[in-house]
Amino acid sequence: MTTTSDTRFLLGGDLPVARMGFGAMRLPARGWEGPANDPETAVKVLRRAVDLGVNHIDTAWFYFHEDIAANDLIRKALHPYADDLVIAAKVGPGRNPDGSWMDPADARRLREDVHRSLRELGRDHLDLVYLRLLPSQLAANPMAELFGALAELRDEGLIRHLGISNVTTAHLDEALRIAPVAAVQNMYAVAHRPEPAVLDVCTERGIAYVPFFSLDPLGRPEPVDTLARIAARHDASTAQVKLAWLLAQSPAVLPIPGTSSVAHLEENIAAAGLRLDDEALAELNALTDDPIDEE
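Below, the structure is looked at part by part. Bear in mind the structure is a predicted one, so any value in this text is a computation, not a measurement.

Conventions and cut-offs
- Residues numbered from 1 in each chain as written.
- Predicted model: local features only at pLDDT ≥ 70, side-chain atom pairs only at ≥ 80, totals over all residues.
- Heavy atoms only, no water.
- Salt bridge = Lys/Arg side-chain N within 4 Å of Asp/Glu carboxyl O.
- Buried < 20%, exposed > 50% of the residue type's maximum accessible area, 1.4 Å probe, protein only.
- Helix = DSSP H or I, 4+ residues; strand = E, 2+ residues; numbered from the N terminus.
- Pairing = 2+ DSSP bridges.
- Contact = heavy atoms within 4.5 Å.
- Axes fitted to C-alpha atoms, helices over the stretch in contact; angles between N-to-C directions.
- Parallel < 35°, antiparallel > 145°, perpendicular 65-115°, else oblique.
- Left-handed = near helix turned anticlockwise from the far one by under 90°.
- Nonpolar A, V, L, I, M, F, W, Y, C, P; charged D, E, K, R; others polar.
- Phe/Tyr/Trp six-rings, centres within 6.5 Å; stacked < 30°, edge-to-face > 60°.
- Lys NZ or Arg CZ within 6 Å of the ring centre and 35° of its normal.

### Notes on the pattern of salt bridges
(1) Moving on: One pass over the full model with this rule turns up 13 salt bridges.
(2) Moving on: R123 is the salt-bridge partner of D127, the closest N and O atoms lying 2.8 Å from each other. One exposure class covers both D127 and R123, and it is buried.
(3) Moving on: We note a salt bridge from E283 to R229, for which the minimum N-O separation is 2.1 Å. Of the two residues, E283 sits in helix α11 (residues 278–285) while R229 sits in helix α8 (residues 224–233), which places them 54 residues apart along the sequence.
(4) Moving on: E283 gets classed as partly exposed once you look at its relative accessible area, which sits at 25%.
(5) Moving on: For R229, a relative accessible area of 40% puts it in the partly exposed group.

### Considering the pairing of strand β7 (residues 86–91)
(1) Moving on: Most of β7 sits out of view: six of its six residues are buried.
(2) Moving on: Going residue by residue along β7, you find V86, A88 and K90 tucked away on one face and I87, A89 and V91 tucked away on the opposite face as well.
(3) Moving on: With five bridges joining them, strand β4 (residues 56–60) and β7 adopt parallel strand pairing. Pairing of D58 across the sheet is with A88, part of β7.
(4) Moving on: Pairing geometry for β7 and strand β8 (residues 126–132), over four bridges, is parallel. Looking at β8, one finds that A88 is bridged to L128.

### Some points on the sheet that holds strand β3 (residues 22–23)
(1) Moving on: With parallel pairing, the seven strands of this open sheet are ordered in space as β3-β4-β7-β8-β9-β10-β11. The open sheet is flanked by β3 and β11 (208–212), the only strands paired with a single partner.
(2) Moving on: Across the sheet, helix α2 (residues 70–78) lies against β4 and β7, angled at about 145 degrees from β4, the strand it touches most.

### Concerning the packing of helix α1 (residues 39–51) against α2
(1) Moving on: Relative to each other, α1 and α2 sit at 60 degrees, their axes nearing to 9 Å. Here α1 lies oblique to α2, going by the angle between them. Classified by chirality, the crossing of α2 by α1 is right-handed. Contacts from P39, E40, A42, V43, L46, R47 and V50 of α1 reach α2 at L73, I74, K76, A77 and L78.
(2) Moving on: Tallied by class, residues from the contact of α1 with α2 come to nine nonpolar, no polar and three charged.

### Things to note about the packing of α2 against helix α3 (residues 107–121)
(1) Moving on: Relative orientation of the contacting elements α2 and α3 amounts to 35 degrees, with a least axis distance of 8 Å. Contacts between α2 and α3 involve N71, D72, I74 and R75 on the former and, on the latter, S117, R119, E120 and L121.
(2) Moving on: Among the residues making up the contact of α2 with α3, the classes are represented as two nonpolar, two polar and four charged.

### Concerning the packing of aromatic side chains
(1) Moving on: Taken as a whole and assessed by the stated rule, the structure comprises eight aromatic pairs.
(2) Moving on: On the basis of an interplanar angle of 85 degrees and a centroid distance of 5.9 Å, the ring pair of W61 and F62 is categorised as edge-to-face. Neither W61 nor F62 differs from the other in exposure class; each is buried.
(3) Moving on: Consider the rings of F62 and Y63, whose centres lie 5.5 Å apart with planes at 85 degrees: the pair is edge-to-face.
(4) Moving on: Among the residues examined, Y63 registers a relative accessible area of 6% and is labelled buried.
(5) Moving on: Following the ring pairs from residue to residue traces out a cluster consisting of W32, W61, F62, Y63 and W101.
(6) Moving on: If you follow R95 out to its NZ or CZ, it ends over the ring of F64, 4.2 Å from the centre.
(7) Moving on: If you follow R95 out to its NZ or CZ, it ends over the ring of W101, 5.7 Å from the centre.

Keep in mind these values describe shape, not function.
This is the structure in structure tokens:
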């Protein structure tokens, strides 16, 4: 194995982060409806992640289940924060206390959500804030209003860098006309690669590309036999193969695999040291990059 664990990416041109990060969505519960995870174990996972060199944590105020919230767990585990710890937050969608999804967010609520994230995390600024775009949001509010609201908070010093999530190249171009974009967060996995051109643009422009649902692409069919064969040849797990493949796609790719298990965390972080051979990469790259028919 050739290790890539020490590889860094300059997020926004000034924040060095290890390329293997951590996503906090699964800390409160296994899914939106539960069951709940053990908060003390979640705290151990976060602390172990930092021990292993992770300094890029992705979270959102709407990552919660009942009274267990990812932001609260992060603050409990890691506050006071290390100087090099980068915490990325998302705004856009929102959930009511009962877990149901709110109506599309407007500029006013985006500002409120940023302030809420600051309070919950115990910070005076956020390193990176993503505007997560949903079709319903853009139907109700123009990009200039939504991304512009975050740009104003950036000018006020409450946000260091801006990102967008769930986007096309047209969305990215529109956002860039409003303010600099430091990161894009889109779904991207071996078995499902919607909007692959976005990764190309990010690589060309030095924008971080942060894939989500890379280990479990929303239940979509996966090439199980292919992954198992490559994993056996590399003495690795299939999850490690998926993560190593992601890292090989572009130096701008920053995976954020999430878990509520210390053992799975350690397995995921170890994937940063896995180098897939050319045959494996060619085989995985040749898999369809077209969105899977969902009908």
